[in-house]
Amino acid sequence: MTTKNPTSRPRRRILSVALGTLLPSLPVAARPGADDALRRSLQALVDDPKAPLASLSVLVQRQGRTVFEAQLGRRYIAPAGGQDLPVTRDTLFRIASVSKIIVALGVMRLVDAGRLDLAADVGTLLGYPLRNPQHPQRAI
């Protein structure tokens, strides 16, 4: 079920952004039929009998432009005899611990680009010292 807060901007589909970020090498819009092939691959993930997904929303952007978008599966799974409701572009997902993956991915991209040193004291970036009370002399 979707809910909207009229006083705030629309929420971003974090899972969509995460998947688009995690899979940058997808052949989206690179050749005729690529969208259909990607959509079939994603549908196969949703329909996998060994580990089916209830729903999936994917948004892939390249250079600030949306090049692929798909919503697959169900946002509401009805009890036996009821009517399921499909995922739409306005379906809100609980992201739970997915944000940890997004942060880790962003950090590793900064490391790869040479803009972040994992061995450096994080307090330098924060502007204040950050220490474990059990080990106050050791930088985090």
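These figures come from a predicted structure and were not determined experimentally.

Participant: Even after reading the chapter, I still don't get the sheet that holds strand β1 (residues 55-62), so can you show me in this structure?
Facilitator: Hydrogen bonding along the main chain pairs the strands of a sheet, whether they run parallel or antiparallel. Strand order in this open sheet of 3 strands is β1-β2-β3, and the pairing throughout is antiparallel. Two strands in the sheet have a free side with no partner beyond their single neighbour: β1 and β3 (85-86). Inspection of the sheet shows β1 paired to strand β2 (residues 65-76) by 8 bridges, in the antiparallel sense. Looking at β2, one finds that Val58 is bridged to Ala70. On the sheet, helix α2 (residues 34-47) packs against β1 and β2 and is oriented at approximately 25° with respect to β2.

Participant: I keep staring at unusual backbone geometry and nothing clicks. Help me out?
Facilitator: Among all residues except glycine, the phi angle is most often negative; among peptide bonds, the trans geometry is most common. You will see that Gln63, though not glycine, has its phi angle at about 50°, which is positive. You can see Gln63 is positioned in the loop between β1 and β2.

Participant: What am I meant to see in helix α3 (residues 98-112) here?
Facilitator: Residues that lie three or four places apart on an α-helix share one face, since the helix turns once every 3.6 residues. The first and last C-alpha atoms of α3 sit 21 Å apart over 15 residues, in line with the 21 Å expected at 1.5 Å per residue. Taken from the residues just after α3, Gly114 is the one with a positive phi, measuring 75°.

The rules behind the values
- Residues numbered from 1 in each chain as written.
- Predicted model: local features only at pLDDT ≥ 70, side-chain atom pairs only at ≥ 80, totals over all residues.
- Heavy atoms only, no water.
- Pairing = 2+ DSSP bridges.
- Helix = DSSP H or I, 4+ residues; strand = E, 2+ residues; numbered from the N terminus.
- Contact = heavy atoms within 4.5 Å.
- Axes fitted to C-alpha atoms, helices over the stretch in contact; angles between N-to-C directions.
- Expected span 1.5 Å × (residues − 1).

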